[in-house]
Every structure is written in structure tokens, then in C-alpha cells.
Amino acid sequence: MIRLFQYELQKMRRTRLLWLVAIAPLFMVFQGVQNFIRYRQIWTREAWEVIMEQTFIFYPSFLYPLLIAVIMAMVARVDHVQGGWKYMLARPVSRSDVYIAKLAVGILYILISMLAFGSSVVLGGLVAGAGSSIPWEEIFRKMAGCFLASLPVIMIQYEISVRFNHVGIPLALGIIMSVPSILVANSEQFWLLDPWTYPVVLMLGSRLGMDNGQAGMMNIVIVMLTLLVFLIGIMGFRRRDIV
Amino acid sequence: MNFMRVLYTEWLKQRRGLLPWIVVGGPLMFAGMMWVDLYLRYSYLSGRHPNLSSWELLMQEGFMIWALFYPIGITLIAALVHYREYTDQGWKHLLALPVTRLSVYTAKWLLIWLLSCSAAGLLLIFMYMTGIILHFSEPFPLGQYIRYGINLCIAALGVVSLQHWLSSRLANPLYGMAIGFSGSMGALFFAQSEMMRFVPYASALFTMTVDNEDQWLAITTGLVAGPLLLIAGLVEFRQRDIH
């Protein structure tokens, strides 16, 4: 299993995806910090709070789901081209282990991207002169919340990417679902029906109302949906004919 | 004549694929979203912008999200138009036919642009339908909406040329898409900078025709960057070795 994970990592190393997932979040940070500096005179709240608000604003609804879609599509594409699945599954490896190892590599890339985003927010704040009282805990809590809340989306994107060998399908899904998420997240009830809004709600949580009942419901949906998609995916992968 | 046939062939390749779904589905979903948004928040929004008519409100409320996702949609269209050539050595088969590289490259370019324009046209139609369903009392400002559509088509030129070349150059469609996504994410950031606002990905942000003095930015960028990048890409494409 660990060796499979290492193989998958090696396959991904040549794709230069790492550069992309590390650099793309910088745009969001640039833009947020730029907003902070430009309107410095009118912000009355604490500097770090504004920095976080301005840099986070488009991340969970826009960049993050698209990054998930691209990363998962890439993880699966490595084997969709040139008959990769056939070569790999002809070896004495368990299909479940392959499925899990690839998923783990995808998640690792997502975490690296989040780390790059989080640290560039801190760096951006320091450069913009927001002071040295960095709210580590809050940044960490928001990022962790964003990640956990996105688990269903990660599973769905991964499964779709593995199942269809056309790369356009998972990406179209990712784009289509991320378009309405910021608007749906603003509604009082509907957002619970759309897992793509969960990271938005958690990350920008202070500005969007959520009562305890809804939070509990969301947690249940996250756990159930993540497990369900994962199980359907792995069972299907074990049984499917590879052509 | 030859060119028209190449163009028609390109369309035939895509007709049964994912592409028509995206061109129709994107604007349709967007309009549906605007319908929900205005249905729920009309009184709040009209209170915030008392001097705008309902139709102007619809455009004003939606243009930003559309402007962010329009270049992403074009990126996807460009990637899908080229996707086929990279599977089963399509380039070799295509260029072995008695067609010039000039006509192949420009036919693909034109197809991407026409599809982008179709998406913009459908957007106007679906927005009109949204207004009718919501029973807007004012008459439909046809001229204003058509100018918005024309602006969008012109703003698309730069992105189309850029993504067309990237997708033709990079065998892995995910690279072209990843660059396009990152550029589109950066649009808000580009748009705020004096120099960077001429980056094609930001153009769509200047297309709105409600109280917007920056429309010339979209038009200038589209009309300059579009042809320039098309010619530059063409020069490179004609000299390229096809492996």
C-alpha cells in the first residue's frame, strides 16, 4: 500500500502539477492583500481580520473546488492515457489499494495547495504591515474546516475522474458546481443541499448565519456522503472491466 | 471553400460530444441562478440600487460572476476542441490530409470563438426569459443588452487566441485548462492594476453596459490581443513538428 502510494507520487512528479497548485492560490492572496492596502483608510476592523476576509473571499467558492477538480483529474488521467490501468492492474496489486493510494496522492496535493495558500496569506499580511499578532489558530481552524467540509466534493471529483476517461467530464462538473456555490451559500436553507457550499459556509462562516441544527445536519451529510461515494467508488472500481 | 469545409469538419467532430452541452448548459444554469437570486432578493436589491431598472439590476447583479466564469468556459471549449487531436494521433491524420495548417489552425480558432459567442448570445436570450418569468414591468432594453453581448464577443477574442494556442501546444489538456483557470482567477486582481487590466482574462469584467465607463478596455484588449495572439500562435503552429 505504501509502495503503491510512492509509485503514484512518482507518476505525478513528472506532471509539474505541484507548481500549479502552489502558485494558483497566490493570485487570490495578491488580490486580497491589494484590496487591504488600497482601502486601508476605510477599514475600521482589526488588520488581520480584514486580510483574512479579503483573501478568503473567493477561495472556497471558486479556486478551491477548481483545484480539487484539476488535481483529481490529473491523478486519474495519468492512468487513463496509454493504457495505464491495464499495466498496473495486471500486476499483483489489490484494486482497493490502488484506488486508495491514488486518492491519497490527490489529497496530499490538495493539502500542499492549502498549505501554500495559508502560508502566503500570512506572508502577504506581514508584507502589507498587518502587524505581528498573526492569528495562527484562526487561519488553521478555517483551513482545516474548509478541507474537512470539502471531503464529499473530493470524493465525488475523484470518482468521476476515475470512472470517465474523458478529462472534460470531471472538469465540467467542477466548474458547473462551483459557479452557483457562493450564491447558494447565501441562501438560508438551500445550501444544505449542495455540498459545494460547505467549504464556503465554513470559511466565511462569520458572515453567513448558521444555526446549530444546520451545523449538525451538515456534519452528518459530510460524513455520510463521503463514506457513501467512497464505498460506491471502491466497489465499482473492484468490479469494473478495464477496457 | 476549403476553409469552410475544415470548419464544418471541426464542428462535426464536436457535435456529438460534450461541447454543445457546455455551450447551452452554462448560460442556462447561470440564468437559472439569476432567477433564483432575483426571485428571493428582488426587493432588497432594488432597494440598494433604486435608480436602476429591473433589467439593469439583472445585468448588474450577474455580470461579475459571468465575467469570472466566461474565460473559464472558453478555456474548457478550447481544451475540448483540441482534445480529440491528442487522442489516437489525430494531428497526424488531420495534417496528412490536403489541408493547409493555416486553415486548420484558423478553423479551430473560429469554431472556439463562434461557440464562445453562441454562449454569450444564449446568455442574453436566457436573461431575457428570466426577466419575462419574473414579470419585469419595464420594457426590455434591447440595445443595452445587445451591446453587452457584442462586448462579450469582443472580449472573448483575446482569451480565445491565447487558450487556442495553449491547447494546441500542450498535449495534456489539463495544463492548458490549469493555466486558463489560474488566469481567470487572477482576473479580479488583473482588473485592479493599471497595466495588468489589459490581460485578456480580465476583459470580460469590463463588458457590462450599466453605468460602466471602462467598456473601451474590453474592446481594445479584445481587438488588439485577439488578432495579435492569433497570428503569433499561427506562426508557431506552422513551424511546429508534429510528433
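Scroll up for the structure.
As the structure is a prediction and not an experimental result, all values here were calculated from the model.

(A) Geometry of the overall build of chain B. For chain B, the helix and strand inventory stands at nine helices and zero strands. The linear arrangement of helices and strands in chain B, starting from the amino end, is α-α-α-α-α-α-α-α-α. Here the C-alpha atoms of chain B give a radius of gyration of 19 Å, agreeing with the 18 Å that 2.2 N^0.38 yields for 243 residues. In terms of its C-alpha atoms, chain B occupies a principal-axis envelope of roughly 60 × 40 × 30 Å. In chain B, which comprises 243 residues, the proportion classed as buried is 56%. Contacts in chain B between residues at least 24 apart in sequence constitute 78% of all its contacts with a sequence separation of at least 6. Carbon and sulfur atoms make up 67% of the accessible area of chain B, which totals about 10800 Å². Averaging the locations of the 15 positively and 13 negatively charged side chains of chain B gives two centres separated by 14 Å.

(B) Fine view of the pattern of salt bridges. Taken as a whole and judged by the stated rule, the model has 12 salt bridges over all chains. Between E8 of chain A and K11 of chain A there is a salt bridge, with the nearest N and O atoms lying 2.9 Å from each other. Note that E8 of chain A and K11 of chain A are positioned in helix α1 (residues 2-13) at a spacing of three residues, about one turn of the helix. The residue E61 of chain B makes a salt bridge to R41 of chain B at a minimum N-O spacing of 2.8 Å.

(C) Quick peek at empty space enclosed by the protein. For the structure shown, the criterion picks out three cavities of 30 Å³ or more. What lines the largest cavity is simply L20, A24, L63, L66, L67 and V70 of chain A together with A178, F181, S182 and M185 of chain B. For the lining of the largest cavity, the secondary structure elements donating two or more residues are α2 (17-38) and α4 (59-80) of chain A together with α7 (173-185) of chain B. Considering only residue class, the lining of the largest cavity consists of nine nonpolar, one polar and no charged.

(D) Structural context of the packing of aromatic side chains. This model, assessed by the stated rule, comprises 21 aromatic pairs over all chains. Taken together, a centroid distance of 5.7 Å and an interplanar angle of 35 degrees make the contact between F56 of chain A and F117 of chain A tilted. With F56 of chain A in helix α3 (residues 47-56) and F117 of chain A in helix α6 (residues 95-127), the pair connects residues that are 61 residues apart, well separated along the chain. For F117 of chain A, a relative accessible area of 0% puts it in the buried group. Centre to centre, the rings of W35 of chain B and Y39 of chain B are 5.3 Å apart; their planes meet at 20 degrees, and the pair counts as stacked. Separated by four residues within a single helix, W35 of chain B and Y39 of chain B lie in helix α2 (residues 19-48), roughly one turn from each other. You can call Y39 of chain B exposed: its relative accessible area is 56%. An aromatic cluster is built from Y42, W55, Y128, F136, F140 and Y145 of chain B, whose rings are joined through pairwise contacts. Of note, R101 of chain B hangs over the ring of F237 of chain B, and the distance from its end group to the ring centre comes to 5.8 Å.

Criteria and cut-off values
- Residues numbered from 1 in each chain as written.
- Chains lettered and ligands numbered in written order.
- Predicted model: local features only at pLDDT ≥ 70, side-chain atom pairs only at ≥ 80, totals over all residues.
- Heavy atoms only, no water.
- Helix = DSSP H or I, 4+ residues; strand = E, 2+ residues; numbered from the N terminus.
- Rg over C-alpha atoms; globule rule 2.2 N^0.38 Å.
- Buried < 20%, exposed > 50% of the residue type's maximum accessible area, 1.4 Å probe, protein only.
- Contact = heavy atoms within 4.5 Å.
- Areas by Shrake-Rupley, 256 points an atom, 1.4 Å probe, with all protein chains shown as cover.
- Lys, Arg positive; Asp, Glu negative; His and termini not counted.
- Charge placed at Lys NZ, Arg CZ, Asp CG, Glu CD.
- Salt bridge = Lys/Arg side-chain N within 4 Å of Asp/Glu carboxyl O.
- 1 Å grid on protein atoms, 1.4 Å probe; cavity = no way out; pocket = protein on both sides within 12 Å on 5 of 7 lines; lining within 4 Å.
- Points joined across faces, edges and corners; volume = space filled by probe spheres on them.
- Nonpolar A, V, L, I, M, F, W, Y, C, P; charged D, E, K, R; others polar.
- Phe/Tyr/Trp six-rings, centres within 6.5 Å; stacked < 30°, edge-to-face > 60°.
- Lys NZ or Arg CZ within 6 Å of the ring centre and 35° of its normal.

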